[in-house]
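Secondary and tertiary structure notes
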Amino acid sequence: MKVREILAIKGTALFTITPNRFLSDAVAVMVEQDIGSLVVFDAGKMVGLLTFREVLVAVHHACASWGMLTVEEAMLRQPIVADPDMELDALRLRMVQTRQRYFPVMEEGTLLGVVSFYDVAKAVLEEKDFENRMLKDYIRNWPETGEKEV
C-alpha cells in the first residue's frame with residue numbers, strides 16, 4: 001500500500017493556518033475540526049507544522065500567556081514530509097524513527113494532505129484484515145485433489 005492510497009481513503013480535507021495567527025486561534029480550529037495538526041503556510045509555501053505536541057510544549061513554557069504566542073513561535077519548522085508514492089512500511093518506519101506523528105504529503109511542492117500515525121495504523125489493520133479474510137476463504141474452498149487413499 002502506498003501513501004497515495006491512504007489519502008484516497010482518508011479524503012482530501014486540508015487544514016492550514018498562517019504563522020502570524022495566535023496559538024489560541026490554532027487550538028480553536030484543531031478542537032472544532034477534531035484534528036491533531038495544522039499545516040502552516042506563508043506566501044503559498046509550507047513553512048511548518050503545528051501539532052498538539054508543539055501546542056503542549058508552548059503551553060508548558062509560556063504558562064498563562066500561551067494564547068498570545070504566534071503559531072510561528074510554536075510550530076515545527078521544516079517537518080519531514082512523505083512522498084505520495086512512498087510505501088506504507090517505509091512511512092511507518094520513518095514515523096517511528098523520527099517520532100513525528102504527522103507527515104505532510106507533498107508532490108512537486110503541492111500539499112496533497114497529511115497522514116497521521118492513526119491513519120497508518122488504521123490502514124495496516126484494514127490491510128491485515130483483508131488478507132486474513134482472503135486466506136480463510138481460500139482454506140474453506142480448498143480444491144480437492146481427486147486422489148483416493150489406498
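Figured I'd write up the structure that's included with this text. (Residues numbered from 1 in each chain as written. Predicted model: local features only at pLDDT ≥ 70, side-chain atom pairs only at ≥ 80, totals over all residues. Heavy atoms only, no water.)

**A word on the overall build of the protein chain**
- Looking only at helices and strands, the protein chain features 6 helices and 6 strands.
- When the helices and strands of the protein chain are read in sequence order from the N terminus, they spell out α-β-α-β-β-α-α-β-α-β-β-α.
- For the protein chain, whose C-alpha radius of gyration is 21 Å, the value lies well above the compact-globule estimate of 15 Å for 150 residues.
- Principal-axis analysis of the C-alpha atoms gives the protein chain an extent of 85 × 35 × 30 Å.
- By residue count, 33% of the 150 residues in the protein chain fall in the buried class. (Helix = DSSP H or I, 4+ residues; strand = E, 2+ residues; numbered from the N terminus. Rg over C-alpha atoms; globule rule 2.2 N^0.38 Å. Buried < 20%, exposed > 50% of the residue type's maximum accessible area, 1.4 Å probe, protein only.)

**Notes on the packing of helix α2 (residues 23-33) against helix α3 (residues 52-62)**
- For the pair α2 and α3, the least separation of the axes is 11 Å and the interaxial angle reads 140 degrees. For the element pair α2 / α3, the angle class is oblique. The element α2 and its partner α3 pack so that their crossing is left-handed. Along the contact surface, α2 presents L23, V27 and M30, while α3 presents F52, V55 and A58.
- Split by residue class, the contact of α2 with α3 holds 6 nonpolar, no polar and no charged. (Axes fitted to C-alpha atoms, helices over the stretch in contact; angles between N-to-C directions. Parallel < 35°, antiparallel > 145°, perpendicular 65-115°, else oblique. Left-handed = near helix turned anticlockwise from the far one by under 90°. Contact = heavy atoms within 4.5 Å. Nonpolar A, V, L, I, M, F, W, Y, C, P; charged D, E, K, R; others polar.)

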